[in-house]
There are 2 protein chains.
Amino acid sequence: MSSHAVIMAGGVGSRFWPLSTPQFPKQFIDILGCGRSLIQLTADRIQGICPMDNLWVVTNEKYVDIVHEQLPQIPVAHILAEPAARNTAPCIAWACRMIKDEDPDANVIVTPSDAVVMNPQEFQRVIRESLEFTQNNPGIVTIGIRPNRPETGYGYVCMKGKQTDGIAPVLEFREKPDLETARQYVADGNYLWNAGIFVWNVNTVLDALDRYKPELSSQIDSMVRSGRVGEIFPTLEKISVDYAIMEPASRDSLVFTHPADFGWSDLGNWSSLHEKLEHDCEGNGSVGNVSFHECSNCVVHASGLKKVVLQGLDGYIVSEKDGQMLVCRRSEEQRIREFSAE
Amino acid sequence: MSSHAVIMAGGVGSRFWPLSTPQFPKQFIDILGCGRSLIQLTADRIQGICPMDNLWVVTNEKYVDIVHEQLPQIPVAHILAEPAARNTAPCIAWACRMIKDEDPDANVIVTPSDAVVMNPQEFQRVIRESLEFTQNNPGIVTIGIRPNRPETGYGYVCMKGKQTDGIAPVLEFREKPDLETARQYVADGNYLWNAGIFVWNVNTVLDALDRYKPELSSQIDSMVRSGRVGEIFPTLEKISVDYAIMEPASRDSLVFTHPADFGWSDLGNWSSLHEKLEHDCEGNGSVGNVSFHECSNCVVHASGLKKVVLQGLDGYIVSEKDGQMLVCRRSEEQRIREFSAE
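Presented here is an overview of the structure given in this document. (Residues numbered from 1 in each chain as written. Chains lettered and ligands numbered in written order. Predicted model: local features only at pLDDT ≥ 70, side-chain atom pairs only at ≥ 80, totals over all residues. Heavy atoms only, no water.)

1. Description of the overall build of chain A
Across its full length, chain A holds 11 helices and 17 strands. The C-alpha radius of gyration computed for chain A amounts to 20 Å, which stays within 12% of the reference 20 Å derived for 342 residues, consistent with globular compactness. For the C-alpha atoms alone, the extent of chain A along its principal axes is close to 60 × 45 × 35 Å. Residues classed as buried in chain A amount to 56% of the 342 residues present. Surface summary for chain A: the accessible area is close to 13,700 Å², and the carbon and sulfur share equals 46%. Both charge centroids of chain A, one from 31 positive and one from 45 negative side chains, sit 2 Å from each other. (Helix = DSSP H or I, 4+ residues; strand = E, 2+ residues; numbered from the N terminus. Rg over C-alpha atoms; globule rule 2.2 N^0.38 Å. Buried < 20%, exposed > 50% of the residue type's maximum accessible area, 1.4 Å probe, protein only. Areas by Shrake-Rupley, 256 points an atom, 1.4 Å probe, with all protein chains shown as cover. Lys, Arg positive; Asp, Glu negative; His and termini not counted. Charge placed at Lys NZ, Arg CZ, Asp CG, Glu CD.)

2. So, the interface of chain A and chain B
Frequently, the measure chosen for interface size is the accessible area that the parts lose on association. Tallying the contact residues gives 30 residues for chain A and 30 residues for chain B. Contact between chain A and chain B buries roughly 2,600 Å² in total, counting both sides, with carbon and sulfur atoms accounting for 51%. Considering only the surface of chain A that becomes buried against chain B, Lys307, Gln311 and Met325 of chain A emerge as the three largest contributors, covering 28% of it. Seen at the junction of chain A and chain B, the total is two salt bridges. Arg335 of chain A is the salt-bridge partner of Glu294 of chain B, the closest N and O atoms lying 2.9 Å from each other. Where chain A meets chain B, there are 32 residue pairs in polar contact (both at pLDDT 80 or more). Here the side of chain A that touches chain B takes six residues from strand E17 (residues 324-329) of chain A, the largest share from any one element. Split into classes, the residues belonging to the side of chain A that touches chain B amount to 14 nonpolar, seven polar and nine charged. Where E17 of chain A lies against strand E15 (residues 307-311) of chain B, four bridges are found, and the strand directions are parallel. Bridging from a neighbouring strand, Gln324 of chain A pairs with Lys307 of chain B of E15 of chain B. (Contact = heavy atoms within 4.5 Å. Buried area = accessible area lost by both parts, 1.4 Å probe. Salt bridge = Lys/Arg side-chain N within 4 Å of Asp/Glu carboxyl O. Polar contact = N/O pair within 3.5 Å; in protein donor to acceptor, adjacent residues only side chain to side chain. Nonpolar A, V, L, I, M, F, W, Y, C, P; charged D, E, K, R; others polar. Pairing = 2+ DSSP bridges.)

3. Comments concerning unusual backbone geometry
Residue Pro18 of chain A follows Trp17 of chain A across a cis peptide bond; omega there is 5°. Secondary-structure assignment places Pro18 of chain A in the loop between strand E1 (3-8) and helix H1 (38-47). With phi around 70°, Asn87 of chain A is a residue other than glycine that occupies positive phi space. Along the chain, Asn87 of chain A falls in the loop between strand E3 (79-82) and helix H3 (88-102). If you check the backbone angles, Glu294 of chain B has positive phi at about 50° while not being a glycine. With respect to the helices and strands, Glu294 of chain B occurs in the loop between strand E13 (290-293) and strand E14 (299-301).

4. A look at the sheet that holds strand E17 (residues 324-329) of chain B
Read across the open sheet, the six strands follow the order E13(A)-E15(A)-E17(B)-E16(B)-E14(B)-E12(B); overall the sheet is mixed. The open sheet terminates on both sides in strands that have one partner only, identified here as strand E13 (290-293) of chain A together with strand E12 (285-287) of chain B. Each adjacent strand pair in this sheet contributes to an overall mean axis angle of 5°, direction not counted. Both E13 of chain A and strand E15 (residues 307-311) of chain A contribute to a ladder of four bridges, which runs parallel. Among the inter-strand pairings, Phe292 of chain A is bridged to a residue of E15 of chain A, identified as Leu310 of chain A. (Axes fitted to C-alpha atoms, helices over the stretch in contact; angles between N-to-C directions.)

5. Thoughts on the packing of helix H3 (residues 88-102) of chain B against helix H6 (residues 202-212) of chain B
All names here are of chain B. Across the interface, H3 lies against H6 with an axial gap of 10 Å and an inter-helix angle of 130°. Of the possible angle classes, the one that applies to H3 and H6 is oblique. Considering how the two elements wind past one another, H3 and H6 form a crossing that is left-handed. Each of Ala93, Cys96, Arg97, Ile99 and Lys100 in H3 lies in contact with H6, whose residues at this interface are Val202, Asn203, Val205, Leu206 and Leu209. Residue classes in the contact of H3 with H6 are distributed as seven nonpolar, one polar and two charged. (Parallel < 35°, antiparallel > 145°, perpendicular 65-115°, else oblique. Left-handed = near helix turned anticlockwise from the far one by under 90°.)

6. A few points about the relation of the copies chain A and chain B
For these two chains of identical sequence, chain A goes onto chain B by a turn of 179° and a shift of 0.0 Å along the axis, with RMSD 0.1 Å. Such values leave the two copies arranged in the relation of a two-fold axis. By residue overlap, the copies meet face to face through one surface: 100% of the interface positions of chain A are interface positions in chain B. (Least-squares fit on C-alpha atoms with pLDDT ≥ 70 in both.)

See the structure below:
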């Protein structure tokens, strides 16, 4: 069995400003203070499953140098440079079409570059089982994370009936729910978080694209044949893989899910980072040389500074990078994007 | 009339950490964000009174390079490098002894390097009047600032009777008072803040030193004759000019004061800096590219950063320099020294 992996790394991560900027977004940052950026951690955990030669990264053309610097083992030809952001369907279709040329029967893992997995071994076990499944079945596997809270910030995957282990057929996808609905989902037990991690055979996904998005499929085909990426890619339909492939495929009973529990977080905001960091007795989590005095429930990322002293802050975000600094109540973090644009 | 000026620049300014550090203390910092450091502003306002060739700076030996860089017009031989801190009397005595060798009948202005004067023209007028006085009288003039509040952080000068303009004899000096006493001083009208700015003829002060501190006087004399500063200076008595000269001289009716009102502040803490900075409608004062959201009564100095966004802070100090950062309630500013030592 030959496996390839596609890391999607085109995001901008403006909610983590000033840590994450359009010039150097979150997936390239050591946001956990562990010595590895999120994309490096993503490559690390995939390395146990497929060789680095079979890794692909799709990113905006302005991040190609950063990807190459952070992941020098990935073949340069496998770093696909998007001249424009067209959402996930064109990105994934392009990568899979390239993989087919290199390896016509490859099984493929697709993953975001900026999520956190606390248990990489369990991640690898789940992915291996999914790869074995797609080796023998023309199905698409989406990894479903068992919810531990009624999260309203994620989409959900609904299984056909409850499943305790192994791969199960998917009934349908559900958009981000309101709190009441999210509570029902958690209570029901057959709803899982959609992590945006997919496993499939390259022929399965290209067939599906051909069936559900024939125009996109033929555009991608002629783009790859002609090499005219700069001209064609920006004209492709801006559409997510969920709308383009997963939803219609689920209606045709082609989608399966592997329920999983490997400490996944999409690390979409400061609260989810706070949750992943170690805390002191007052609930302060930090990356950098930070000392707290009468502070509680703060989340601090200032690894570029030599020394940070904080006094008298309860529930604040403090963050510094490359000469830009933010101090902001955690309750106001949805305004960070607006602050960064000032 | 030949005038010289002595700028005392040996202070460490630990209350402004991380802005001010033992390696680069407050007098060398552009703390007001006006493009000039405090010692440069001090030299600027003296320049209108006496030529730069007649300026002297006494500082710790580790700051000599900084002084030379910030005030390149001052003759290198006029930067006196203290091998150890011995308070103001040895510092002033040394400078005046050096001045006498160069200019045996000089009138001398002595000033700290780290105070702020908002009205330099009025400063120059007051100093010129004082210089004329010492040209013709063997008295010592200390500049007395008219108090605008019952400040407990300053020493006071008590005039013999009320004086509205010009130079008046001093009855006595008073140490930092408690609030009740300070209120009385302000109500009385014949008490002034002791700004530590002195004007005298070089012979007057050397005679006074000889009379009140004969041992120090002869040690300074032999130090200057022999050039053995490194050996002798550290053995000198650690004593302020107030105790060594001003107080005994005032008992001998040799001390006068020029009441003045030129927007003086010793800039001894963050609150006095806050007072001197321009404020927005919510009372925030800042140096640097700072934007405030729902903040009030903050004082911010972060001119080394490209951009600072603050949200939801009431009454805080925020300060950054050379990779060290402080966020601290203004009410806790007396603990900054302790924070800096961590």
